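Working through the structure, step by step
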Amino acid sequence: AQSVSQHNHHVILSEAASLELGCNYSYGGTVNLFWYVQYPGQHLQLLLKYFSGDPLVKGIKGFEAEFIKSKFSFNLRKPSVQWSDTAEYFCAVNAAGNTGKLIFGQGTTLQVKP
Amino acid sequence: GAGVSQSPSNKVTEKGKDVELRCDPISGHTALYWYRQSLGQGLEFLIYFQGNSAPDKSGLPSDRFSAERTGGSVSTLTIQRTQQEDSAVYLCASSRTTSGAYEQYFGPGTRLTVT
């Protein structure tokens, strides 16, 4: 069965610090990979996605993620966080050619101190 | 509509009662998904629809849970004889098709509390 593991459950950073959130998945086949974000009081929304091609993908608000197939990883990065990045971040995996069903990690709560 | 809508936004019910949760997907989206977000369990897939059929119900936790979709649009998730462990936020998402290549758009969720 597919599973997704997010290593950091709660991260606290000061503004302008760099961010890296880890995500590893277990699935032997081709995958589609996603990072979703949930800002306080808002819906889950897509930050970025990887389907194929360049393993370094860029998303909204200056976020990027790198797919490393050999490590089954899809880590999220941002060079300089802002207070407005305070949110919960979810990594998700979909088995390509499957039903679109997403398997989510447990989520990481990011708190950015002004 | 502009986005996925869900109703009610909050539901408090007594243990043993039945509840119905509604999801209105984005117009034209043929795929519809239900997920559950609970403390300690994170976000779990429950069921998905392609049109009105549900090819994958593997995530439904028990036979007390059922869902239907009519007219390729509105979906209802029904929980019979609710238990305290059913307390969670139930999220609905829709996408153009079930291909994983299409983004899923999430609704605001229904927070269910079973007392």
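Attention in this report is confined to the structure presented alongside it. Nothing here was measured: the structure is a model prediction, and the numbers come from that model.

1. Things to note about unusual backbone geometry
Put simply, S7 of chain B and P8 of chain B share a cis peptide bond, and its omega is -10 degrees. When you line up the elements, P8 of chain B lands in the loop between β1 (5-7) and β2 (10-13). Notably, K61 of chain A is not glycine yet its phi reads approximately 60 degrees, a positive angle. Note on placement: K61 of chain A falls in the loop between β7 (56-58) and β8 (64-68). Residue classification places K61 of chain A among the partly exposed positions, given a relative accessible area of 48%.

2. Points about the state of the cysteines
Residue and element names in this part refer to chain B. Scanning the model with the defined rule gives 2 disulfides over all chains in all. Sulfur-sulfur distance for the disulfide between C23 and C92 comes to 1.8 Å. Between C23 and C92 the sulfur-sulfur dihedral comes to about -65 degrees; the bridge is accordingly left-handed. Of this pair, C23 sits in strand β3 (residues 19-24) while C92 sits in strand β9 (residues 88-95); the two residues are 69 residues apart in sequence, bridging distant segments of the chain. Given the relative accessible area of 0%, C23 is considered buried.

3. Section: the interface of chain B and chain A
Taken residue by residue, the interface counts 23 residues in chain B and 18 residues in chain A. In total, about 1,600 Å² of surface goes out of reach between chain B and chain A, with carbon and sulfur atoms giving 54% of it. Counting across the interface, chain B meets chain A through 1 salt bridge. Residues D56 of chain B and K101 of chain A are paired through a salt bridge, measuring 3.6 Å at the closest nitrogen-oxygen approach. There are 5 residue pairs in polar contact (both at pLDDT 80 or more) connecting chain B and chain A. Counting only elements with at least two residues in the side of chain B that touches chain A, the list comes to β4 (31-38) and β5 (42-50) of chain B. Here the side of chain B that touches chain A gets 4 residues from one element, more than from any other, and that element is β5 of chain B. Here the side of chain B that touches chain A is composed, by residue class, of 11 nonpolar, 10 polar and 2 charged.

Conventions and cut-offs
- Residues numbered from 1 in each chain as written.
- Chains lettered and ligands numbered in written order.
- Predicted model: local features only at pLDDT ≥ 70, side-chain atom pairs only at ≥ 80, totals over all residues.
- Heavy atoms only, no water.
- Helix = DSSP H or I, 4+ residues; strand = E, 2+ residues; numbered from the N terminus.
- Buried < 20%, exposed > 50% of the residue type's maximum accessible area, 1.4 Å probe, protein only.
- Disulfide = S-S within 2.5 Å.
- Contact = heavy atoms within 4.5 Å.
- Buried area = accessible area lost by both parts, 1.4 Å probe.
- Salt bridge = Lys/Arg side-chain N within 4 Å of Asp/Glu carboxyl O.
- Polar contact = N/O pair within 3.5 Å; in protein donor to acceptor, adjacent residues only side chain to side chain.
- Nonpolar A, V, L, I, M, F, W, Y, C, P; charged D, E, K, R; others polar.

Interpretation in functional terms is not warranted from these geometric data alone.
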